[in-house]
Amino acid sequence: MRKRVGVLISGRGSNLQALIEACKAPDYPAEIVLVLSNVPGAAGLSHAEAAYIQTLTINHKDFATREAFDAALDAALIQARVELLCNAGFMRLHTAGFVARWLNRHLNIHPSLLPAFTGLHTHKRVIEAGVTLSGCTVHIVRPEMDEGPIVAQAAIPVLPSDTAETLAARVLAAEHRLYPHALALVASGAVRIEGERVVRTTQEGDQSPLFSPPVSGAL
Ligand code: GAR
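Below is a summary of the structure that appears in this document. What you are looking at is a predicted structure, and each value in this text was computed from that prediction instead of being measured.

## Overview of the side chain of Thr122
Secondary-structure assignment places Thr122 in helix 5 (residues 122–129). Within the structure, the side chain of Thr122 is placed 3.3 Å from the backbone oxygen of Gly119, a separation counted as a polar contact. Once residues within four sequence positions are removed from consideration, Thr122 is found in contact with His110, Pro111, Ser112 and Phe117.

## Comments concerning the side chain of Thr95
Position of Thr95 among the secondary structure elements: in the loop between strand 4 (84–87) and helix 4 (96–101). A relative accessible area of 11% places Thr95 in the buried class. Aside from chain neighbours lying at most four places away, what touches Thr95 is Arg66, Glu67 and Asp70.

## Notes on the site of the ligand
Neighbouring the ligand are Arg12, Gly13, Ser14, Asn15, Gly89, Met91, Ile109, His110, Pro111, Asp146, Leu172 and Glu175. Within the contact set of the ligand, an oxygen atom lies 2.6 Å away from a side-chain nitrogen or oxygen of Arg12. Taking Gly13, its main chain carries an N or O atom lying 2.8 Å from an oxygen atom of the ligand. When the free accessible area of the ligand is taken as 450 Å², the share hidden by the protein chains comes to 88%. Within the residue set of the shell around the ligand, elements represented by two or more residues are helix 1 (14–23), strand 5 (106–110) and helix 6 (164–188). Here the shell around the ligand is built from residues that sort into four nonpolar, five polar and three charged.

## A short note on the nonpolar core
Membership of the largest hydrophobic core comes to 42 residues, with the highest contact counts inside it found for Val7, Ile32, Val35, Leu107, Val151 and Leu183. Among all residues touching Val151, those that are not within four sequence positions of it are Leu107, Val138, His139, Ile140, Ala182, Leu185, Val186 and Val198. In terms of nonpolar packing, the next biggest core, distinct from the first, is built from 15 residues, Leu8, Ala76, Leu77 and Trp102 among them.

## Details of the packing of helix 1 against helix 6
The description of two helices packed together rests on the angle between their axes and the distance between the axes. With their axes 9 Å apart at the nearest point, helix 1 and helix 6 run at an angle of 45° to one another. Overall, the two elements helix 1 and helix 6 adopt an arrangement that is oblique. Crossing angle aside, the handedness with which helix 1 passes helix 6 is right-handed. Seen from helix 1, the contacting residues are Ser14, Asn15, Ala18, Leu19 and Ala22; seen from helix 6, they are Leu172, Glu175, His176, Tyr179, Pro180 and Leu183. Classifying every residue of the contact of helix 1 with helix 6 gives seven nonpolar, three polar and one charged.

Criteria and thresholds
Residues numbered from 1 in each chain as written. Predicted model: local features only at pLDDT ≥ 70, side-chain atom pairs only at ≥ 80, totals over all residues. Heavy atoms only, no water. Helix = DSSP H or I, 4+ residues; strand = E, 2+ residues; numbered from the N terminus. Polar contact = N/O pair within 3.5 Å; in protein donor to acceptor, adjacent residues only side chain to side chain. Contact = heavy atoms within 4.5 Å. Buried < 20%, exposed > 50% of the residue type's maximum accessible area, 1.4 Å probe, protein only. Near = heavy atom within 4 Å. Areas by Shrake-Rupley, 256 points an atom, 1.4 Å probe, with all protein chains shown as cover. Nonpolar A, V, L, I, M, F, W, Y, C, P; charged D, E, K, R; others polar. Core = buried A, V, L, I, M, F, W, Y, C linked by side-chain atoms within 4.5 Å. Axes fitted to C-alpha atoms, helices over the stretch in contact; angles between N-to-C directions. Parallel < 35°, antiparallel > 145°, perpendicular 65-115°, else oblique. Left-handed = near helix turned anticlockwise from the far one by under 90°.

See below:
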């Protein structure tokens, strides 16, 4: 049975679109049953509508407290019989109560190699810090922003010529591959969450280190 997924968005929705595309594969272990935005008219809603996925806008400004907003989110997700929740550019902090209700069934994507560079303006801060590798992370949601057990990461070299915009574009392209991969790992049961770690049984693929700057010649 494909896991029933709810996606929370606040804006552009390019990661949502990547998940929608992935779900088209007949053997993909998840299907998106609801896309929920806290921002009326968020561009990402149109991706869901084009794919005939149910959409809902719950504007946080209509609620007096975070608790009341999160309770409305929760009710909508339960009504749609959502089993797994994916934040895809959802720019609201959840209450601890909401996180507890969706504990270990709730993913987020962040455009850095966590635990480094949580929060906003990630790429600008990455460049200012002078690191030579950045990337993106899909993790299990915990009450602290951009923290929680790591499901999957992709590393992207930071180039000397990079601006926040050029780095963001390359990281975003990796996000679009990483999120479907990570959701498949969780939805299929290929990984399990043990405390604050995500445990996997196999490690396939390239095992070689990624050097940045690159190593050339016989070094
Ligand atoms: C993505 O880069 C995502 O990683 C980031 O917001 C962007 C949303 O783009 N999320 C965070 O920074 C969470 N802390 P999208 O709406 O096109 O998917």
